[in-house]
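Okay, here's what each chain looks like letter by letter:
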Amino acid sequence: ELKNFIYRLALFARNVSIDSETIAPLLEEESADPRRDYGEDGDLDRAVGQWMEKVRPNPGSIYSEALAALEKPLFTEVLRNTGGNQLRAANLLGINRNTLRKRLSELELDPETFSRRD
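Below is a summary of the structure that appears in this document. Owing to the predicted nature of the structure, the values given are computational and were not obtained by experimental measurement. Every chain begins its residue count from 1, and numbering advances along the sequence as written. In keeping with the model being predicted, local features are shown solely for residues with a pLDDT of at least 70 and side-chain atom pairs are shown and tallied solely at 80 or more, while totals for entire chains, interfaces and linings include all residues. Remark: hydrogens and water are excluded; side-chain values derive from all non-hydrogen atoms of the structure.

## Re the overall build of the chain
Thought 1: Only DSSP runs of H or I with at least four residues qualify as helices, and only runs of E with at least two residues qualify as strands; both kinds are numbered from the N terminus onward. Of regular secondary structure, the chain possesses six helices and zero strands.
Thought 2: Going from N to C terminus, the chain has its helices and strands arranged as α-α-α-α-α-α.
Thought 3: The contact criterion used throughout is that any non-hydrogen atoms of two residues lie within 4.5 Å. Counting contacts in the chain only where the partners sit at least 6 residues apart, residues at least 24 apart contribute 44% of the total.
Thought 4: When the accessible surface of the chain is totalled, it reaches about 8,200 Å², and 48% of it is carbon and sulfur. To measure how exposed things are, a 1.4 Å probe is used in the Shrake-Rupley method; for residues, cover is taken only from the protein chains shown.

## What to know about helix α4 (residues 62-82)
Thought 1: One less than the number of residues in a helix, times 1.5 Å, gives the span that helix is expected to have. Taking 1.5 Å per residue as the helical rise, α4 with its 21 residues ought to reach 30 Å, and the 30 Å between its terminal C-alpha atoms agrees with that figure.
Thought 2: The largest bend in α4 amounts to roughly 30 degrees and is located at E71, with the proline P73 lying one to four residues further along.
Thought 3: Of all the positions in α4, only I62, A66, E71, F75, T76, V78, L79 and T82 are classed as buried.
Thought 4: Of the residues trailing α4, G83 is marked for its positive phi of about 65 degrees. We define the bend at each residue as the angle formed by axes fitted to the 7 residues ending at it and the 7 residues starting at it. Residue exposure (1.4 Å probe, protein chains only): buried if accessible area is under 20% of the type maximum, exposed if over 50%, otherwise partly exposed.

## What to know about helix α6 (residues 97-106)
Thought 1: In protein, a polar contact means a hydrogen-donor-capable atom and an acceptor-capable atom, both N or O and within 3.5 Å, with residues adjacent in sequence counting only if both atoms are side-chain atoms; elsewhere, any N or O pair within 3.5 Å suffices. Its side-chain oxygen 2.6 Å from the backbone nitrogen of N98, N96 forms the N-cap of α6.
Thought 2: At the C-terminal side of α6, E108 shows a positive phi close to 55 degrees.

## Here's the deal with unusual backbone geometry
Thought 1: For R56, which is not glycine, the phi dihedral falls at a positive 50 degrees.
Thought 2: Positive phi is not limited to glycine here, since E108 has a value of about 55 degrees.
Thought 3: Mapped onto the fold, E108 is located in the segment after α6.
Thought 4: In this structure E108 comes out as exposed when scored by relative accessible area, which is 71%.

## As for the packing of helix α5 (residues 86-93) against α6
Thought 1: Running from N to C, α5 and α6 cross one another at 105 degrees; their axes reach a closest spacing of 9 Å. It follows that α5 is roughly perpendicular to α6 by the angle criterion. For the pair α5 and α6, contact is made by Q86, L87, A89, A90 and L93 and by R97, L100, R101 and L104, respectively.
Thought 2: Asp, Glu, Lys and Arg are counted as charged, while Ala, Val, Leu, Ile, Met, Phe, Trp, Tyr, Cys and Pro are counted as nonpolar; the rest, among them Gly, fall into the polar class. Of the residues in the contact of α5 with α6, the class split is six nonpolar, one polar and two charged. Lines fitted to C-alpha atoms define the axes here, with helix axes fitted over just the stretch in contact, and angles between the N-to-C directions of these axes take values from 0 to 180 degrees. Should an angle fall under 35 degrees it is taken as roughly parallel, and over 145 as roughly antiparallel, whereas 65 to 115 is taken as roughly perpendicular and any remaining angle as oblique.

Written out as structure tokens, the structure is:
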């Protein structure tokens, strides 16, 4: 999963600079696992590699920058799936509802925009 991949990158960052040459073997290793196939349009491994090349995060901050990049779209999708219900969204994410509310405020996401209106 992305979390494990980022942990592995963070471990590498302690010893070497992370660049495309460093990441390529990790991506090949990860993509060889059939459980890693997220579909041709949404290949997460490829997306991480593209993100790393495009953003070129600073060594030592890759983990936090990757989480920040993933958090808003993740919360958006979960809110969309729960119709904006913050309690259900927090449960799905495995976080406290107050933590979710705080992060939504910081990310400027309004759960009301995801409310299902019949």
